[in-house]
Amino acid sequence: MSFSYGRAIRAIPGPSMIPDRVLNAMHQAAPNIYEGELVELTGTVRSDLRRVARTEGAVAIYIGNGHAMWEASLANMARPGERILVLLTGRFGRGWAETARRLGIEVETIDFGFRGAVEPGRIEDHLRADADRRIRAVLTTQTDTASSALTDIRAVRAAIDAAGHPALLAVDCVASLAADRFEMDAWGVDVMISACQKGLMTPPGLGFTFQSDKAMAEGVPCPSPYWDWRPRSKPGLFYELFHGTAPTHHLFGLREALDMILLEEGLGNVWARHAVFARAVAAAVEAWGRAGALELNIPAAPARSYAVTTIRTGPGEAGRIRAWCEEIAGVTLGIGLETPGVDPSSMFRIAHMGHLNPPTLLGTLATVETALDALGIAHGPGAVEAASRVIAAADRERARGGAESVERRIAIG
Ligand SMILES: *Cc1c(COP(=O)(O)O)cnc(C)c1O
């Protein structure tokens, strides 16, 4: 018997839960792609994407996913034979590095392991050792979605500056945009890439690159007409924005999602909500971990993502937990991704990005706990209570004016 006959919950890091409003906005006849509403709507989507990225720089929209944006950004930043440095905190930095190698770019890496943050001192030393300044760009993820490590982007910028190195700073925010706080201009980021199916709550299909004036000026001539970010960011004609037919219905859906983020909730509140939910998940996992094998992959709180949490289990337990949640309860958890020294069936992930409220989050945690009980997997008590206490405490702080002061500190323009 299965209990899964209700609305399914996808707690996976992309596609995240898609609001019905976004789906409904997409449900319409094909528009005129030469003039009128779509052209105007595309203009507002472009300017609002820059608001979410917190940049006055340029944006290019592609029909593509996050992998496509790895390639798009690289094709504009470095030629074959030129050199980049990639910081690794999990699987996704490796993916960007592998893409670069396939494009013939020389790739250096610094591996910070799978369980924590980058060490700025090592970045600075590495760049100082590049005496003839051959490294064109330093690439990093903000959230690595496999390990759930959060990179302190300001610390990376400071390390590059401390070395006096002219390299561009490029950041993968596919998982973290509209979840973890990100300030492209204030933090000195030259290139940012993202996609629409995680924090932006839209079905997979759109990818974005954002580029500073420095990146536009110091980037390389792009050999691919499709990936070239110049015509897409400084268009003459509408079709140049997409190098062909516009992704019409994705633009309708994304317009709705951007309204939800910017007009209704407010970006500062979006970040604050994700911070609370991430702390709630961590509190639950810590409670489970008081007996048995479950533990957070990232032990240090400041290095934990607000978008996703990676959880370690005893051998094979994660696979059984995921299967139970999917088949018996209708909750899809994220799989463990290839990790050096860890069996992927001993790891699962809970995504907490995008269209998410306490009943969805607490329901997911309660369902995981039910799976642990049903499967006889040892765990400590009180996980759901611990998570709900985090949310209640955040609400009491909001009532005392705390959230407002957070909002002021964030100072959203
Ligand atoms: C999801 C993700 C990607 C890949 O995106 P796809 O759309 O699956 O190609 C890249 N980087 C990060 C950090 C991600 O979370």
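Along each chain, residues carry numbers from 1 onward, in the same order as the chain's sequence is written. Reporting of local features is limited, given that this is a predicted model, to residues whose pLDDT is at least 70; pairs of side-chain atoms are given and counted only at 80 or more, and all residues count toward the totals for whole chains, interfaces and linings. Heavy atoms throughout the structure, all of them, feed into the side-chain values; hydrogens and water do not.

An unreviewed UniProt entry annotates the protein as Alanine--glyoxylate aminotransferase family protein originating from Amaricoccus solimangrovi. UniProt positions are given in the numbering used here, feature names are shortened, and annotations may be inferred rather than shown by experiment. For the protein, the Sequence similarities (unreviewed entry) comment in UniProt is given as "Belongs to the class-V pyridoxal-phosphate-dependent aminotransferase family."

What about the site of the ligand?
What makes a residue near a molecule or strand is one non-hydrogen atom of that residue sitting within 4 Å of it. All residues adjacent to the ligand are Asn 65, Gly 66, His 67, Trp 70, Phe 92, Thr 143, Thr 145, Asp 172, Val 174, Ala 175, Gln 197 and Lys 198. One of the side-chain nitrogen or oxygen atoms of Asn 65 is found 3.4 Å away from an oxygen atom of the ligand. Per-residue and other accessible areas were derived by the Shrake-Rupley procedure at a 1.4 Å probe size, with only the shown protein chains allowed to occlude residues. Surface burial for the ligand is 90%, taken as the share of its 380 Å² of free accessible area covered by protein chains. Under the scheme used here, helices are H or I runs from DSSP no shorter than 4 residues and strands are E runs no shorter than 2 residues, and both carry numbers assigned from the N terminus. With three residues, helix α3 (residues 66–77) is the single largest residue contributor to the shell around the ligand. Class assignment for the residues of the shell around the ligand results in four nonpolar, six polar and two charged. We define a polar contact as two N or O atoms separated by no more than 3.5 Å, with the added condition that, inside protein, one atom must be a possible hydrogen donor and the other a possible acceptor, whereas residues neighbouring each other in sequence contribute only through side-chain atom pairs. Any residue outside Ala, Val, Leu, Ile, Met, Phe, Trp, Tyr, Cys, Pro, Asp, Glu, Lys and Arg is labelled polar, Gly included; the first ten of those are nonpolar and the last four are charged.

Points about the pairing of strand β14 (residues 347–351)
Only protein chains enter the accessibility calculation, which uses a 1.4 Å probe; a residue is then buried when its area is under 20% of its type maximum, exposed when over 50%, and partly exposed in between. Across the five residues that make up β14, a large majority, five, are buried. Alternating positions in β14 separate into two faces, Met 347, Arg 349 and Ala 351 on one and Phe 348 and Ile 350 on the other, with burial throughout. At least two DSSP bridges between two strands are needed for those strands to be called paired. Here five bridges tie strand β12 (residues 308–312) to β14, and the two strands are oriented antiparallel to one another. The partner of Thr 310 across the bridge, within β14, is Arg 349. Relative to β14, strand β13 (residues 331–335) runs antiparallel, the two being bridged by two bridges.

Thoughts on the sheet that holds strand β4 (residues 106–111)
Ordered by their spatial adjacency, seven strands build an open sheet running β2-β10-β9-β8-β5-β3-β4, and the pairing between neighbours is mixed. On the outer flanks of this sheet lie β2 (58–63) and β4, each paired with one strand and no other. In this sheet, neighbouring strand axes are inclined to one another by 20 degrees on average, regardless of whether the strands run parallel or antiparallel. Here four bridges tie strand β3 (residues 83–88) to strand β5 (residues 135–141), and the two strands are oriented parallel to one another. The residue bridging Leu 85 from the neighbouring strand is Val 138, located in β5. Two residues form a contact once any of their heavy atoms are found within 4.5 Å. Axes here refer to lines fitted to C-alpha atoms; in helices the fit is confined to the stretch in contact. Angles between the N-to-C directions go from 0 to 180 degrees. Against the sheet, helix α6 (residues 153–162) touches β3, β5 and β8 (168–172), its axis set at about 160 degrees to β8.

Observations concerning unusual backbone geometry
Cis peptide bonds are those with omega within 30 degrees of zero, and the linkage from Gly 14 to Pro 15 qualifies with -10 degrees. You can see Pro 15 is positioned in the loop between β1 (9–11) and α1 (20–26). Although it is not a glycine, His 243 adopts a positive phi angle of roughly 50 degrees. Note that His 243 resides in the loop between α8 (229–233) and α9 (248–265).

Looking at the domain arrangement of the protein
The domain limits used here are those given by an automatic or database domain assignment. If you check the domain split of the protein, you get domain 1 (9–16 + 266–412) and domain 2 (22–262). Placing a centre on the C-alpha atoms of domain 1 and another on those of domain 2 gives a separation of 26 Å. Taken residue by residue, the interface counts 36 residues in domain 1 and 32 residues in domain 2. Among the residues domain 1 hides against domain 2, the three largest losses belong to Leu 267, Trp 271 and Ile 298. Together they make up 20% of the total. Counted as salt bridges are all cases of a side-chain nitrogen of Lys or Arg within 4 Å of a carboxyl oxygen of Asp or Glu. Arg 115 serves as the salt-bridge partner of Glu 295, at 3.7 Å between the closest nitrogen and oxygen. At the boundary of domain 1 with domain 2, the tally comes to 15 residue pairs in polar contact (both at pLDDT 80 or more). Looking at the side of domain 1 that touches domain 2, the elements with two or more residues in it are α10 (267–288), β11 (295–296), β12 and β14. Note on terms: buried area is the combined drop in 1.4 Å-probe accessible area of two parts once they are placed together, counting the loss on both.

What about the pattern of salt bridges?
Oppositely charged side chains may form a pair once their charged atoms are brought near each other. Summed over all chains, the structure comprises 24 salt bridges. Close ionic contact of Arg 157 with Asp 161 constitutes a salt bridge, the shortest N to O distance being 3.1 Å. Here Asp 161 and Arg 157 lie together in helix α6, a separation of four residues that amounts to about one turn. Beyond isolated ion pairs, a larger network of salt bridges with shared partners links Asp 48, Arg 51, Arg 255 and Asp 259.

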